[in-house]
Amino acid sequence: MNKVLPRLGFLIPPGNPNTEGEVIKMAGPEYSIHFTRMVAHGETGSLEGQDERNQAQIDHLPENIELLKLVKPAVVAMAHTASSYTLGKTGEAELIQKLEDQYQVAFITAFGSVVKALHQIQAKRIAFGTPYSEQNTLRCKNLLEAYGFEVVNFGNLPGVKNIYDETTERALQLVHQVNSPDADAIFVSGVGMPTIDILAQGEAETGKPVISSIAATMWNALQVAKAKSSIKNFGGLLAGRY
C-alpha cells in the first residue's frame, strides 16, 4: 500500500520561468510538490507596474487557493516576496488569518518564511539585496525593520530590466555587493531571480549564512508540513545546520 506523502503547494507568479525548476531541484522523496499560477496582467518580471501586478495577485488569491486546495496540500506557499512589501506587516498578518480561516489550510508567504528563517539562524543584523526598483528595495528595508531586524547594509542590483532574465552569476554578484562585516546574515530577495545554486558558494565566500526567498520558502513549507528532509548543496538553512 502506497504511503500518502505530505503535499506542498506553491503559488507562482504568471510569468516566472525559474521558481518551479528551483523547487523541483530542491525537492526530496519524502513529500510531493504542486503548483498553481497566480493572476496578474502586464509585462511580467518588469520593474514597471510591479505594484499593480502585486495587488492583482493578492486580489486573486482566493481562486488560486481554491484550485490548489483540490490536491489537499499540507501547506500553501505564496512564492512571491514583493507581495509582502505591498501588504505590509499588519496587512499580511490579517490576510493570512483570513485565508487560513476561510480555506482551513496553512498559508505562508515568501517574506514571512525569510523572517522565520532569520530567527532560526539567530540573525539580528541583516545585509540584503534585491533585483527590484529603489522604491521596492526601501520597502523591503522598512519591512525587515518592522519585524525588529537591524539592516546594516542593502542595495539593489544595477541594470535590471526584467527580474526573470537575471542569472545565478548576478545573484552571487548581489551577495558580494551588499555584504558587510557587521552583518550576521545576507538575504537575497526576489523569488523570480534564480538563487539556490549560489547559496553554498556565497556562504563559503562570505563566511556567513546566505538566505534567498525561495530557499526560505521551501524550508518553511517543510517545517509547516512536518516533512523531515535535509536538502544538501543549497546552503546551511536547508541542510539543517541551524
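Note that the structure is predicted; figures quoted are calculated from it, not measured.

**Some thoughts on the sheet that holds strand E3 (residues 75–78)**
Here's step 1: In spatial order, the strands read E2-E1-E3-E4; together these four strands make up an open sheet with parallel pairing. If you trace the sheet from one side to the other, it starts and ends with strand E2 (32–37) and strand E4 (106–109), each paired once. For this sheet the average axis-to-axis angle between neighbouring strands, irrespective of direction, equals 25°.
Here's step 2: Sheet analysis places strand E1 (residues 7–12) next to E3, joined by four bridges and oriented parallel. Across the sheet, Leu8 pairs through a bridge with Val75, a residue of E3.

**Description of the side chain of Gln57**
Here's step 1: Residue placement: Gln57 occurs in helix H2 (residues 50–59).
Here's step 2: You can call Gln57 buried: its relative accessible area is 3%.
Here's step 3: Residues within four places of Gln57 in sequence aside, it is in contact with Pro13, Pro14, Met38, Val39, Ala40, His80 and Ser83.

**Structural notes on helix H4 (residues 82–103)**
Here's step 1: With 22 residues, H4 extends only 23 Å from end C-alpha to end C-alpha; this falls clearly short of the ideal 32 Å at 1.5 Å per step.
Here's step 2: The largest bend in H4 amounts to roughly 105° and is located at Gly88.
Here's step 3: Taken together, the buried positions of H4 are Ala82, Ser83, Ser84, Tyr85, Glu92, Leu95, Ile96, Leu99 and Tyr103.

**Let's talk about helix H1 (residues 19–26)**
Here's step 1: Residues Thr19, Glu20, Glu22, Val23 and Met26 constitute the buried set of H1. In an axial view of H1, the angular spread of the buried residues amounts to 165°, which keeps them on one side of the axis.
Here's step 2: Summarising the contacts, the buried residues of H1 are in contact with E1, E2, helix H9 (213–225) and helix H10 (236–239).

**Observations concerning the pattern of salt bridges**
Side chains carrying opposite charge are able to pair once their charged atoms draw close together.
Here's step 1: The tally for this structure, following the rule as stated, stands at six salt bridges.
Here's step 2: As a salt-bridge pair, Asp184 and Arg125 come within 3.2 Å of each other at their nearest N and O atoms. Taken together, the positions of Asp184 in the loop between helix H7 (168–178) and strand E7 (185–188) and Arg125 in strand E5 (residues 125–130) put the pair 59 residues apart, joining distant regions of the chain.
Here's step 3: Residue classification places Asp184 among the partly exposed positions, given a relative accessible area of 25%.
Here's step 4: On the basis of relative accessible area, Arg125 is assigned to the partly exposed category, the value being 35%.

**Description of the packing of aromatic side chains**
Here's step 1: Using the criterion set out here, one finds six aromatic pairs in the structure.
Here's step 2: With a centroid separation of 5.9 Å and 50° between ring planes, the pair formed by Phe111 and Tyr147 is classed as tilted. With Phe111 in helix H5 (residues 110–120) and Tyr147 in the loop between helix H6 (134–146) and strand E6 (150–156), this residue pair connects regions lying 36 residues apart in the sequence.
Here's step 3: Given a relative accessible area of 23%, Tyr147 falls into the partly exposed group.
Here's step 4: Ring centres of Phe128 and Phe154 lie 5.5 Å apart, and the angle between their planes is 10°; this geometry places the pair in the stacked category. With a gap of 26 residues between them, Phe128 in strand E5 and Phe154 in strand E6 connect regions that are remote in the sequence.
Here's step 5: Since its relative accessible area comes to 0%, Phe128 is described here as buried.
Here's step 6: The lysine or arginine in question, Lys89, covers the ring of Tyr147, its NZ or CZ lying 4.9 Å from the ring centre.
Here's step 7: One Lys or Arg, Lys116, reaches over the ring of Trp219 and ends 5.7 Å from the middle of that ring.

**Details of the sheet that holds E6**
Strand pairing within a sheet occurs via backbone hydrogen bonds; the two strands may be parallel or antiparallel.
Here's step 1: Strands sit in the order E6-E5-E7-E8 across an open sheet of four strands; the sheet is parallel. With partners counted over all chains shown, the strands left at the sheet margins are E6 and strand E8 (210–212), one partner each. Recorded for the sheet is a direction-independent mean angle of 20° between the axes of neighbouring strands.
Here's step 2: For E7 and E8, the ladder comprises three bridges, and the chain directions are parallel. Looking at E8, one finds that Phe187 is bridged to Ile211.

**A closer look at the pairing of E6**
Here's step 1: By the bridge criterion, six bridges tie E5 to E6 in an arrangement that is parallel. The residue bridging Phe128 from the neighbouring strand is Phe154, located in E6.
Here's step 2: This β-α-β element, E5 to H6 to E6, shows right-handed connectivity.

What counts and what doesn't
Residues numbered from 1 in each chain as written. Predicted model: local features only at pLDDT ≥ 70, side-chain atom pairs only at ≥ 80, totals over all residues. Heavy atoms only, no water. Pairing = 2+ DSSP bridges. Helix = DSSP H or I, 4+ residues; strand = E, 2+ residues; numbered from the N terminus. Axes fitted to C-alpha atoms, helices over the stretch in contact; angles between N-to-C directions. Buried < 20%, exposed > 50% of the residue type's maximum accessible area, 1.4 Å probe, protein only. Contact = heavy atoms within 4.5 Å. Expected span 1.5 Å × (residues − 1). Bend = angle between axes of the 7 residues up to and from the residue. Arc of directions from axis to C-beta. Salt bridge = Lys/Arg side-chain N within 4 Å of Asp/Glu carboxyl O. Phe/Tyr/Trp six-rings, centres within 6.5 Å; stacked < 30°, edge-to-face > 60°. Lys NZ or Arg CZ within 6 Å of the ring centre and 35° of its normal. Right-handed = clockwise from strand over helix to strand, strands pointing away.

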